[in-house]
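An overview of the molecular structure
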Amino acid sequence: MLELRLVQGSLLKKVLEAIRELVNDANFDCSSTGFSLQAMDSSHVALVALLLRSEGFEHYRCDRNISMGMNLNNMAKMLRCAGNDDIITLKGDDGSDTVTFMFESPTQDKISDFEMKLMDIDSEHLGIPEAEYHAIVRMPSAEFARICKDLSSIGDTVVISVTKEGVKFSTKGDIGTANIVCRQNSSVDKPEESTTIEMHDPVSLTFALRYMNSFTKATPLSNQVTISLSNELPVVVEYKIAEMGYVRFYLAPKIEEEEEETKPEV
Amino acid sequence: MLELRLVQGSLLKKVLEAIRELVNDANFDCSSTGFSLQAMDSSHVALVALLLRSEGFEHYRCDRNISMGMNLNNMAKMLRCAGNDDIITLKGDDGSDTVTFMFESPTQDKISDFEMKLMDIDSEHLGIPEAEYHAIVRMPSAEFARICKDLSSIGDTVVISVTKEGVKFSTKGDIGTANIVCRQNSSVDKPEESTTIEMHDPVSLTFALRYMNSFTKATPLSNQVTISLSNELPVVVEYKIAEMGYVRFYLAPKIEEEEEETKPEV
Amino acid sequence: MLELRLVQGSLLKKVLEAIRELVNDANFDCSSTGFSLQAMDSSHVALVALLLRSEGFEHYRCDRNISMGMNLNNMAKMLRCAGNDDIITLKGDDGSDTVTFMFESPTQDKISDFEMKLMDIDSEHLGIPEAEYHAIVRMPSAEFARICKDLSSIGDTVVISVTKEGVKFSTKGDIGTANIVCRQNSSVDKPEESTTIEMHDPVSLTFALRYMNSFTKATPLSNQVTISLSNELPVVVEYKIAEMGYVRFYLAPKIEEEEEETKPEV
């Protein structure tokens, strides 16, 4: 038996909106430690990993590990019926082919039960090793979303270049070129507006803006985003979820020699 | 001669928006007691009845009963040109084939006259007898609109079941099922947020959500909606219009034996 | 060399949004006195004239007169990437086939460079003589925009008639007719809400609403619009730009004898 009660139900709504553009169907894995998901996007280019730790739930009961295959668009349709202040409880029975989402309004005057059919989904769980990154950028998530959207109006790819002074986002397209530099800036007053850079080696990598824009659907989950870059590894774009866990997106850089040669200096 | 002056002109704008999705052309009937309309929707399934009593107008002059056929989309186009704070005066002359809407801004600095051609529309006036209903639910109109919209993302019909404790809205569709229960709750502080149930017999009836969603276009007219249910009668969904009258929607229940058998218990 | 630094960068964003619906490609002319543009709309019916005087820029350097051909949609794409509080600097080098827009955030933490390719555009500069107008109407720009939009839902042309008492906007279409009268009203409290009329001769002229609606894209630039009318001249619809200059739109009246005969009296 499974029963997970999340007082801040809007978090689960935001998680679904964050990942459903990339992933259509996925297995949610439930164990005593938490509620998680790992899935490739439908074109098998990007990887999404979600973790909601059991401690973050008001009530968390998971008698044995289970994996529940869900269509994320259908799940999002149901979660959109929850009010933003509702408590959401996810319920499952062993061997059942359905999962139930219960929504309780803060006053308890409105109680909803949405029962959704589960699916059988083949999936392989990839081990993602902890890694050392050449550079880690922390910046306001809304700023990162704005930059990815702005650059998309000019080009298809973004070159992310990190130096000690700052991080530069560049693109080029038919109508011209664009470079946006964000300087390191650890304002103590408003930590959520700070941009901080932890750099071991300068790094300059190229990514498809289409995926970056999909990742930024997670912006409502967190004021800050962490971008971890390394020459040999996929970039990790991470949004922390309150005290509970994270959504992480992984994307391999594009290997474009010309891009590298002509790339502008920070 | 006809001259109806409505200080709160936005009411007439809202009335039009409330009914024009269901009804394309209709006769507005004007008598000494008030301004009214009765019309079937274009698929002849639902009935709309509107009443604006003469006492609600600042000035009301109607020398003899007349019936004016109007295209509601054209009328809505003209009323949308009135400001939300404008005074609206409706003027007609005996035997004329036009009606004039005059809009006066609160400062009287802007005066508009919109003249619209009238139409000949065949219509039969149905007598709607006063009836006893098994159950009458009064609830916040925005909550009812939200529920109809939410359930539409899951299924096509809604089963409305009333018990003394509350009212349940249920649907089922390809992706699963949904039940939403609103408990009776007469908060004295904010009467517009209360849900009250007046029940003589339990009742459980099925309706097409498509029509229910059209009815909820009247939500801006009133904080509360009244849903009157009976096994032998069409449901009445009523929105009161300030001190002036109402918009009422009538819809026959669907007879679906299977639905009845598998319907969930409140 | 060219370097124009505009502290209130949002002005330039608004200018582009004001004119790009009418004009696709145009030459921006830069001289020691200011930054200007004159262009016909793509159907060669309306004329747009823009002036931003050099005094309005924080820094203005223009070593010799140059004319830069730009695609206004591409320019708007780049300017949309500037924040509303950003400082915008426009930079060009003699003989270069590109122009650079630099955006600086107020905190200087984000610096963007957008480089756009220039185009060769044939254009003839029309001399627009200063003229005497029969009537000059000054009114709130939002009110004028609302009237043009409202009348468009009824008809295709607007008759603008001016008397000492006020200005009347009229249209007719398949569904009926509309007349909107704005009375002269020089409220001292809020000059931006006043309507003033300077009239030498009564005038009544017909214009295509489609163009008037395009002109009203300039509404965010100014609280007031000035409409200068004369029987022998194109109307001038002018939006002042703070202390810096203006956007002016010129449109020839329609010669429609029937319209004139049946035109309603103010």
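Residues numbered from 1 in each chain as written. Chains lettered and ligands numbered in written order. Predicted model: local features only at pLDDT ≥ 70, side-chain atom pairs only at ≥ 80, totals over all residues. Heavy atoms only, no water.

Under the annotation held in an unreviewed UniProt entry, chain A carries the name DNA sliding clamp PCNA and is attributed to Stylosanthes scabra. As stated in UniProt under Subcellular location (unreviewed entry), the record for chain A gives "Nucleus". (UniProt positions renumbered as here; feature names shortened; annotations may be inferred.)

Looking at the pairing of strand β1 (residues 2-6) of chain B
All names here are of chain B. Alternating positions in β1 separate cleanly, L2, L4 and L6 being buried on one face and E3 and R5 remaining unburied on the opposite face. Bridge count for β1 against strand β5 (residues 59-62) is four bridges, and the pairing is antiparallel. Opposite L2, over in β5, you have C62 as the bridge partner. (Buried < 20%, exposed > 50% of the residue type's maximum accessible area, 1.4 Å probe, protein only. Helix = DSSP H or I, 4+ residues; strand = E, 2+ residues; numbered from the N terminus. Pairing = 2+ DSSP bridges.)

What to know about the side chain of K110 of chain C
By the element assignment, K110 of chain C lies in strand β9 (residues 110-117). Separated by 2.7 Å, the side chains of K110 of chain C and E143 of chain A make a polar contact. Setting aside residues no more than four positions away along its own chain, K110 of chain C makes contact with E143, R146, I147, I180, V181 and C182 of chain A together with F103, E104 and S105 of chain C. (Polar contact = N/O pair within 3.5 Å; in protein donor to acceptor, adjacent residues only side chain to side chain. Contact = heavy atoms within 4.5 Å.)

Description of the sheet that holds strand β13 (residues 176-183) of chain C
Read from one edge of the open sheet, nine strands run β5(B)-β1(B)-β7(B)-β8(B)-β9(B)-β13(C)-β12(C)-β11(C)-β15(C), paired in antiparallel fashion. Of all strands in the sheet, those bounded by a partner on one side alone are β5 of chain B together with β15 (203-208) of chain C. Averaged over neighbouring strand pairs, the angle between their axes works out to 15 degrees when direction is ignored. In this sheet, β15 of chain C lies alongside strand β11 (residues 157-162) of chain C in antiparallel orientation, the contact comprising six bridges. (Axes fitted to C-alpha atoms, helices over the stretch in contact; angles between N-to-C directions.)

Points about the relation of the copies chain B and chain C
Each copy of the sequence occupies a distinct position, and chain B is placed on chain C by a rotation of 120 degrees and an axial shift of 0.0 Å, giving an RMSD of 0.0 Å. Put plainly, the chains are arranged around a three-fold axis. Ranked by how close their C-alpha atoms come to the rotation axis, the residues of chain B are headed by P220 of chain B, at 17 Å. (Least-squares fit on C-alpha atoms with pLDDT ≥ 70 in both.)

Some details on the interface of chain B and chain C
Interface size is often expressed as the accessible area that is lost when the parts come together. Taken together, the contacts link 17 residues of chain B with 18 residues of chain C. Counting the surface lost from both chain B and chain C, the interface buries some 1,500 Å², and carbon and sulfur atoms represent 47% of this. Our enumeration of links across chain B and chain C arrives at one salt bridge. One salt bridge connects E143 of chain C with K110 of chain B, and the closest N-O pair in it is separated by 2.8 Å. Where chain B meets chain C, there are 12 residue pairs in polar contact (both at pLDDT 80 or more). Going through the elements one at a time, α2 (72-79) and β9 (110-117) of chain B are the ones with two or more residues in the side of chain B that touches chain C. (Buried area = accessible area lost by both parts, 1.4 Å probe. Salt bridge = Lys/Arg side-chain N within 4 Å of Asp/Glu carboxyl O.)

Structural notes on a nonpolar patch on the surface
All names here are of chain C. The grouping of M40, L126 and I128 at the surface amounts to a nonpolar patch, some 200 Å² of accessible area in total. The topology assignment puts I128 in the loop between β9 and β10 (135-140). Take I128: its relative accessible area is 33%, and that puts it in the partly exposed class. (Patch = residues over 30% accessible without salt bridge, like charges linked within 9 Å, V, L, I, M, F, W, Y side chains within 5 Å. Areas by Shrake-Rupley, 256 points an atom, 1.4 Å probe, with all protein chains shown as cover.)

Concerning the sheet that holds strand β10 (residues 135-140) of chain B
Residues and elements named next belong to chain B. Taken together, nine strands build an open sheet; the order of strands is β6-β2-β3-β4-β18-β17-β16-β10-β14 and the sheet is antiparallel. Two strands lie at the open edges of the sheet, namely β6 (66-71) and β14 (196-199), each paired on one side alone. On average, each strand axis in the sheet is tilted by 15 degrees relative to the strand beside it, whichever way the strands run. Sheet analysis places β10 next to β14, joined by four bridges and oriented antiparallel. Paired with R138 across the bridge in β14 is T196.

A look at the interface of chain A and chain B
Contacts between the two partners involve 17 residues from chain A, matched on the other side by 18 residues from chain B. A combined buried area of about 1,400 Å² lies between chain A and chain B, and 47% of that area is made up of carbon and sulfur atoms. Counting across the interface, chain A meets chain B through one salt bridge. Where chain A touches chain B, the interface holds 12 residue pairs in polar contact (both at pLDDT 80 or more). Those elements that place two or more of their residues in the side of chain A that touches chain B are α2 (72-79) and β9 (110-117) of chain A.

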